[in-house]
Every structure is written in structure tokens, then in C-alpha cells.
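Survey of secondary and tertiary structure
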Amino acid sequence: FSAWTGKGFTVQSGPNEKTFVGSIGGRIYVETDKGPVDSGEMICPITLKVNIQTAAQEATGKCIFAGNDGALLHLDMACTGIHLVGCNGKSTIESGTGRFAGVTGGGPFTVRTSQREVTQTSTAIVDASASGIIFWKGFKYKAP
């Protein structure tokens, strides 16, 4: 899991749609029998579309995990949900380097936003920042 912070911008992308383009990132923790262990950091460039009338949302993105040893793991991610409530979806490992080379797998994830700030910068663009949590319950991988 990760307690993340994010930044980007939001635009009115249709009559009933807003789109956020930005990234979220933070430290990654892996749950063990002895509690969470700091395992590196993540950065996830994302695109989030929100229906203004229903608050339905869908997001796609990539997450790059950088282990404390410098190994990288690349995930493809997509989710759906309700804006400011949560987004549930599936992640799939695309590739890795170092100790993650050849790793396959993936699993479900949930991302939630707990705090959000917006600043109108122009007629069409709103700067946005947020924080929240993302967790992968049931994530499975196979090493070569």
C-alpha cells in the first residue's frame, strides 16, 4: 500500500465530463507477518475522467515502483468507481528490471482520495492536488 500525494490539472473535457491529468506518488509498504515494511517508492502518471452529473469515474495509468535497491516494476492499471469515494480495478505487471526482471502477475487494487485542493488558474484549467491511499489486496506475482 501507499499513502500518496498527487498533483495535476483538471479541464472541462465535455458537457458532463471533467478530466484530471497528473500523477500520484509516495512510499510503498509491503505487509508482512511483522507489520508493514518500507519497500521503496512509486510514481503513477494517471488520467481520471469524472461524469459531473453522476460522479461516476474511470481512471487509467501506469505505476512505476522503485525498490530500495533500484529495481523497477512497471504496472498497467485501470479502475472505475465514484468520484471522491473510491476507484476499484485491476493492475497487471508489464515489465521489471533488476530483481523484478521477468516477474509476471497483478491483481485488484483500490485507490481512495482523502483530501483535495483546487485552484482556478484560467477559464479552462484548474490546478489540483490531493492525497489518499492506494492498496493492492490480493496482488500476486510469479518470479522467473
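Just so we're clear, the structure is a prediction, and the values are computed from it rather than from any experiment.

Okay, the overall build of the chain next. A tally of regular secondary structure across the chain gives 0 helices and 9 strands. Listed N to C, the secondary structure of the chain is β-β-β-β-β-β-β-β-β in terms of helices and strands. At 16 Å, the chain has a C-alpha radius of gyration in line with the 15 Å of a compact globule built from 144 residues. Overall, the C-alpha framework of the chain stretches about 50 × 25 × 20 Å when taken along its three principal axes. Within the chain, the proportion of its 144 residues that are buried is 33%. At a minimum sequence separation of 6, the contacts of the chain that also span at least 24 residues come to 46%. In the form shown here, the chain has an accessible surface area of approximately 8400 Å², with 57% of it arising from carbon and sulfur atoms. Put simply, the chain has 13 plus and 11 minus side-chain charges, and the middle of one group is 5 Å from the middle of the other.

All right, on to the state of the cysteines then. Covalent bonding between the sulfur atoms of two cysteines is what defines a disulfide. Scanning all chains against the criterion turns up 2 disulfides. One disulfide in the model links Cys 44 with Cys 63; its S-S distance is 1.9 Å. When the S-S torsion is 105°, as for the bridge of Cys 44 with Cys 63, the disulfide is right-handed. Residue Cys 44 is found in strand β3 (residues 35-51), and its partner Cys 63 is found in strand β4 (residues 56-67); the two are separated by 19 residues along the sequence. Accessibility assignment for this pair places Cys 44 and Cys 63 in one class, buried. The residue that forms a disulfide with Cys 79 is Cys 87, at a sulfur-sulfur distance of 2.1 Å.

Moving on: the nonpolar core. Met 42, Phe 65, Val 111, Ile 134 and Trp 136 are the most contacted members of the largest nonpolar core, which totals 26 residues. Apart from the residues lying within four places of it in its own chain, the contact partners of Trp 136 are Phe 1, Ile 28, Met 42, Phe 65, Leu 75, Met 77, Ser 91, Pro 108 and Phe 109.

Taken as a whole, the largest pocket spans an internal volume of roughly 640 Å³. What lines the largest pocket is a set of 40 residues, among which Phe 20, Leu 48, Gln 57, His 83 and Thr 113 lie closest to the centre. Elements with a minimum of two residues in the lining of the largest pocket: β1 (2-14), β2 (17-32), β3, β4, β5 (72-82), β6 (86-96), β7 (104-120) and β8 (125-135). Considering only residue class, the lining of the largest pocket consists of 24 nonpolar, 11 polar and 5 charged. By volume, the second largest pocket amounts to about 540 Å³.

With the rule as written, the count across this model stands at 3 aromatic pairs. Measuring from ring centre to ring centre gives 5.3 Å for Phe 65 and Trp 136, while their planes differ by 85°; the resulting arrangement is edge-to-face. On the criterion of sequence distance, the pair formed by Phe 65 in strand β4 and Trp 136 in the loop between β8 and β9 (140-142) is long-range, its members being 71 residues apart. Within the aromatic cluster, the residues linked to one another by ring pairs are Phe 65, Phe 109 and Trp 136.

A cluster of nonpolar side chains, Phe 9, Val 21 and Ile 125, forms an exposed patch at the surface whose accessible area comes to about 210 Å². Assignment of secondary structure puts Phe 9 in strand β1.

Reading the values: the criteria
- Residues numbered from 1 in each chain as written.
- Predicted model: local features only at pLDDT ≥ 70, side-chain atom pairs only at ≥ 80, totals over all residues.
- Heavy atoms only, no water.
- Helix = DSSP H or I, 4+ residues; strand = E, 2+ residues; numbered from the N terminus.
- Rg over C-alpha atoms; globule rule 2.2 N^0.38 Å.
- Buried < 20%, exposed > 50% of the residue type's maximum accessible area, 1.4 Å probe, protein only.
- Contact = heavy atoms within 4.5 Å.
- Areas by Shrake-Rupley, 256 points an atom, 1.4 Å probe, with all protein chains shown as cover.
- Lys, Arg positive; Asp, Glu negative; His and termini not counted.
- Charge placed at Lys NZ, Arg CZ, Asp CG, Glu CD.
- Disulfide = S-S within 2.5 Å.
- Core = buried A, V, L, I, M, F, W, Y, C linked by side-chain atoms within 4.5 Å.
- 1 Å grid on protein atoms, 1.4 Å probe; cavity = no way out; pocket = protein on both sides within 12 Å on 5 of 7 lines; lining within 4 Å.
- Points joined across faces, edges and corners; volume = space filled by probe spheres on them.
- Nonpolar A, V, L, I, M, F, W, Y, C, P; charged D, E, K, R; others polar.
- Phe/Tyr/Trp six-rings, centres within 6.5 Å; stacked < 30°, edge-to-face > 60°.
- Patch = residues over 30% accessible without salt bridge, like charges linked within 9 Å, V, L, I, M, F, W, Y side chains within 5 Å.
- Salt bridge = Lys/Arg side-chain N within 4 Å of Asp/Glu carboxyl O.

What is shown is where atoms sit, not what they do.
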